[in-house]
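Notes for the structure review
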Amino acid sequence: MSAYNFYNLKAEQFFAQYQALSFEQVHKDWLDLLPAKAGMALDVGAGSGRDAAALAAKGWDVVAVEPARELLALGKSHSQGMPVHWLADTLPELGKVRTLSQTFDLILVSAVWMHLPESTRERAFRILANLLAPNGLLVISLRQGPSQDERIFHKVSVAELEQFAKQQALKSKRISRTSDALQRTQVHWETVVFQLHDDGTGALPMIRHIIVNDSKSATYKLGLLRCITVIAETLPGLVLRRNDTEVTLPLGALALVWLQLYLPLLARDNIRQNPQGTYGFAKTAFFELGKLSAFDLQMGGRFEDERAALVHQALKDAATNILKMPTKYTTWPGTNSPVFSGQTFRTRRTGPGLYLDKEYLSSFGEFSVPTSIWNCCSQYACWIDPALVNEWALVSKSWNKGVAVSTIRDALELNPPKRCVTEARKLALALIESNADLRCVWTAGKLNDTNLAIDHCFPWSRWRNNDLWNLLPATEKANNSKSDKLPSAPRMESSKPAITRWWQEGYLQSPLSESFWVQAKAALPFSEQLSDVDELFNAMCLQRAVLRKNQRLEEWR
């Protein structure tokens, strides 16, 4: 019998056993190392949720991993209403966790390691090390002693963990030995705490090299890196595949963001992007689209007839250029080996119209990014993007003597350039006019046409997302009070019924339903699982935790 099946069959027994001990009792030997400032934690083998709930009570956002479904259900119930995000995932792969492209300030692997066969442990440790944030702590407890039931425990040792740690450049902070808290005489525990002082991937120096040091005969290398950063931060649901070494994206997604970035520069302001002043990839179709707004070229956008043909051709031209120019010439320092790779597919429109969704963007081809660089772009976008804009403006200025740097910076403003709540407001007003009982998602106050505001749940000033799922009805007073703060986890949980009701009554019963889902699946983690509003809300809460960690946003409680 597998360990998972055993824990499923005995779920209530183990739940009671784990809950009989407190978090402080079990982890007293290392708790003084726990950072005073709460961050984002990963609890691998979360079991009853005891540890995850305790960390959440201290202000941590916790991703709780548990492969035994019955135990997961009990743990999830125990931590209901807390910032604990449950995933059915398992070592050594932690495939779902890794799709988040996040690192963690604390990773707790309590009473799990002895379940892993020797052949999987080195890989498991490497994956855990890659999930650690700089200065993050990895805590692993080892059970020593025989199994007293049907479970199989493998022999494990501190020496093995220390060897793995040396390979991954982790520093050993503490090793402790304690007797069994359940007073089993043949069992004792060893706990090892490791720390990562540097991310160790070399991704940040490589990105800086591309931005600052790499030679540039045009702005295309900067454009490509900015496309990757935008997608990593705001459209992670578009990822097609990922493994230890690379993340694969729809080539059309790169082309779509490319158009968003270059249309204002070339078609609107005629700002040179190379010293010759030639237009390169920008051909007739590109300039015919010059008057399109940033809101047209977003996920869920629909085009018909002649406009559809122009968008398709402009995307095709951009995709071809991305592979021929910046992909080919962005190389690892001191080599001719490209950092990125990709391939085009023979793509044709199948009808008079086109719809900007993941399937359509995938028809142009595929593009691969080293996993370390992808993760870095995801986590540090708030630092990388301003650096890209600064270098891009300076490079462009050298080729546009009569253009002010401020003009170039304005043209480089990340799309969308302004808040857009028009469609959401129309739907809300229609519900009010039909005498529906529309209420503020934050205060439950009744809304009318004079006090209605449409709030970006995640502050637009820090995460520029005008997607429908992110636009919520609120009173003007609540909207002004929240301002640019991020809703806290308890605030989100208490507002869940109101938020999901708005989604259902506002968007999902309107012609915008399809666009609502396309946008959500592109922007939120675990897009393949988003089939109902409960799953969508869970993904939204997980994205809240990611934004809180990456941007250190002030919370609205």
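See above for the structure.
As the structure is a computational prediction, the values presented were derived from the model and not from experiment. Counting restarts for each chain: residues are numbered from 1 in the order of the written sequence. Whole-chain, interface and lining totals are the exception, using all residues; otherwise, since this is a predicted model, local features are given only for residues with pLDDT of at least 70 and side-chain atom pairs are given and counted only at 80 or more. Values shown for side chains rest on all heavy atoms present in the structure; no hydrogens or waters enter the calculation.

Categorising residues by exposure relies on relative accessible area from a 1.4 Å probe, with only protein chains included: less than 20% of the type maximum marks a residue as buried, more than 50% marks it as exposed, and the intermediate range marks it as partly exposed. Working definition: helices are DSSP H or I runs of at least four residues, strands are E runs of at least two. Numbering for both runs from the N terminus. Looking only at helix 8 (residues 158-167), the buried set comprises Val158, Glu160, Leu161, Phe164 and Ala165. Projection of helix 8 onto a plane perpendicular to its axis shows the buried side chains occupying an angular sector of 160°, all on one side. For helix 8, the exposed residues lying more than 90 degrees away from the buried face are Ala159 and Lys166. Pairs of residues are marked as contacts when any of their non-hydrogen atoms sit within 4.5 Å. Where the residues of helix 8 are buried, they touch helix 7 (118-130), strand 5 (132-144), strand 6 (171-179) and strand 7 (188-195). Immediately beyond the C-terminal end of helix 8, within one or two residues, lies alanine 169, with a positive phi of roughly 60°. Here, the arc refers to the directions that run from the helix axis to the C-beta atoms.

DSSP-based pairing: two strands are paired if at least 2 bridges between them are found. As summarised here, the arrangement of the seven strands in space is 3-2-1-4-5-7-6, forming an open sheet in which the pairing is mixed. Strands with a single pairing partner mark the edges of an open sheet, and in this sheet they are strand 3 (84-87) and strand 6. Taking each pair of neighbouring strands and ignoring which way they run, the sheet shows an average axis angle of 15°. Note that strand 1 (residues 40-44) and strand 2 (residues 61-65) share five bridges and pair parallel. Across the sheet, residue valine 44 finds its bridge partner in strand 2, namely valine 65. Angular values range over 0 to 180 degrees, each being the angle between N-to-C directions of two axes fitted as lines to C-alpha atoms, with helices fitted over their stretch in contact. Packing against the sheet, helix 7 makes contact with strand 1, strand 4 (104-109), strand 5 and strand 7, and its axis sits at approximately 145° to strand 5.

With that out of the way, let us pick up the sheet that holds strand 11 (residues 341-344). Here we have four strands laid out as an open sheet, ordered 8-9-13-11, and antiparallel in their pairing. Unpaired on one side and paired on the other, strand 8 (241-242) and strand 11 mark the two borders of the sheet. Direction of pairing for strand 9 (residues 246-250) relative to strand 13 (residues 365-370): antiparallel, over a ladder of five bridges. In the strand pairing of strand 13, threonine 248 is matched with serine 368. Contacts from helix 16 (residues 371-379) reach strand 8, strand 9 and strand 13 within the one sheet, and its direction differs from that of strand 13 by about 85°.

Put simply, side chains in a regular strand alternate between the two faces of the sheet. Within strand 5, eleven of the 13 residues are buried, which leaves it mostly tucked inside the rest of the structure. Across five bridges, the pairing between strand 4 and strand 5 is parallel. Its bridge partner being in strand 5, isoleucine 107 is matched across the sheet by leucine 138. We call a crossover right-handed when, viewed with the strands running away from us, the connection from the first strand over the helix to the second turns clockwise. With respect to chirality, the unit in which strand 4 leads through helix 7 into the neighbouring parallel strand 5 is right-handed.

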